[in-house]
Amino acid sequence: MSLRGPLGQVLGRGSAKEGVHHWWLQRLTSIALVPLSIGFVVSLMGLPALDYVTLVAWMRQGGTALGLVLFVLVAARHSHLGVRVVIEDYVHTPGVKTLALVISDFSHILAAAAAVFAILKVALGGRW
Amino acid sequence: MPERPLSPHLSVYKFKYTLATSILNRFAGLILSLGLLLFVYWLVALAAGARAYAQARELLGLGAFKVVYAVLLAAFVYHTAAGVRHLVWDSGRGLARDSARRSAWVISILSILVTLLLAYWLLRPGAYAR
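Our focus in this paragraph is the nonpolar core. Within the largest apolar cluster, 41 residues are counted, with the highest numbers of intra-cluster contacts made by Trp58(A), Phe39(B), Trp42(B) and Leu43(B). Put simply, the parts of the chain that give this core at least two residues each are helix 2 (21-45), helix 3 (52-59), helix 4 (62-90) and helix 5 (94-124) of chain A together with helix 1 (17-47), helix 2 (50-60) and helix 3 (63-90) of chain B. Here Leu43(B) is in contact with Met59(A), Ala115(A), Ala118(A) and Ile119(A), once residues within four sequence places are set aside.

Rendered as structure tokens:
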């Protein structure tokens, strides 16, 4: 028995090889987030205070801004993929489901862009 | 579209604690997604300058946020532990019933211990006084 549809049989090109894209990316981002998130938490918790001057100085250290950009981008992508699955699994009303997915798409991209902009602004800014 | 049952059929599962570790992982992930928004707010406030950051700090320093941070901390620790458990499963290891039960206990106890340890560090005398 062939699982291939009529059009697929005519074209004979097999699958698009994208079936595991979501699954694979969720794993890749998980692996990357282990060091990135733990590094972020440890670095933040190691600060003596959370006032403006301390934080700006922290973000202007060599690796901090790069680490933060990587962390926030990978975390946003991972969250984006995860929230999509949760919506697909539990929201069954067609219109509401699409709306929820679109809101999730937009807010994740907005959050990632705003975060990167903020990190770069602090890291590359002049004297305060 | 015809009415047909859609996976996951939440009402038909028999409850087992391994099931709890799975749904808790999803729930923790969702909480962290909300935490991400809070983190971005904090970053943007910092980028907006000293005065904006001082205002944001006043808001984020309210007593109610202590509960939020405690929940986020627990969610982070648990989601990390449960996530590593999933990565081990992805390699094909630890999927047998008895080892899945054992790892459920390991991640639960480990998460509680690490969360308490980190909470103790955050609440240590004189922490983040400024």
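In this assembly, 32 residues from chain B lie in contact with 41 residues from chain A. Interface area, chain B with chain A, both sides summed: about 3200 Å², of which 74% is carbon and sulfur. Contact with chain A buries surface across chain B, with Arg26(B), Leu46(B) and Tyr128(B) losing the most and accounting together for 18% of the total. Joining chain B to chain A, the criterion identifies two salt bridges. Residue Asp89(A) pairs with Arg26(B) through a salt bridge whose shortest N-O separation is 2.8 Å. Summed over the shared surface of chain B and chain A, the result is eight residue pairs in polar contact (both at pLDDT 80 or more). Elements that contribute at least two residues to the side of chain B that touches chain A include exactly helix 1, helix 2, helix 3 and helix 4 (97-122) of chain B. Residue contributions to the side of chain B that touches chain A peak at 13 residues, all from helix 1 of chain B. Here the residues of the side of chain B that touches chain A are counted per class, giving 23 nonpolar, five polar and four charged.

Let's shift gears to the pattern of salt bridges. Residues and elements named next belong to chain A. On inspection of all chains with the given rule, the structure shows four salt bridges over all chains. Residue Glu88 is joined to Arg84 by a salt bridge in which the shortest nitrogen-to-oxygen separation is 2.8 Å. You can see Glu88 and its partner Arg84 sitting in helix 4, four residues apart, about one turn around the helix.

Summed over all chains, the structure comprises eight aromatic pairs over all chains. Among the aromatic residues, ring-to-ring pairing joins Phe40(A), Phe71(A), Phe39(B) and Trp42(B) into one connected group. Taking the ring centre of Trp121(B) as reference, the NZ or CZ of Arg124(B) above it sits at 3.9 Å.

Here the focus is the confidence of the model for chain B. Summary statistics for chain B give a mean pLDDT of 91 and a share of 97% for residues scoring 70 or more. Here the predicted complex carries an ipTM of 0.89, next to a pTM of 0.89.

Thresholds applied
Residues numbered from 1 in each chain as written. Chains lettered and ligands numbered in written order. Predicted model: local features only at pLDDT ≥ 70, side-chain atom pairs only at ≥ 80, totals over all residues. Heavy atoms only, no water. Core = buried A, V, L, I, M, F, W, Y, C linked by side-chain atoms within 4.5 Å. Buried < 20%, exposed > 50% of the residue type's maximum accessible area, 1.4 Å probe, protein only. Helix = DSSP H or I, 4+ residues; strand = E, 2+ residues; numbered from the N terminus. Contact = heavy atoms within 4.5 Å. Buried area = accessible area lost by both parts, 1.4 Å probe. Salt bridge = Lys/Arg side-chain N within 4 Å of Asp/Glu carboxyl O. Polar contact = N/O pair within 3.5 Å; in protein donor to acceptor, adjacent residues only side chain to side chain. Nonpolar A, V, L, I, M, F, W, Y, C, P; charged D, E, K, R; others polar. Phe/Tyr/Trp six-rings, centres within 6.5 Å; stacked < 30°, edge-to-face > 60°. Lys NZ or Arg CZ within 6 Å of the ring centre and 35° of its normal. pLDDT = per-residue confidence, 0-100.

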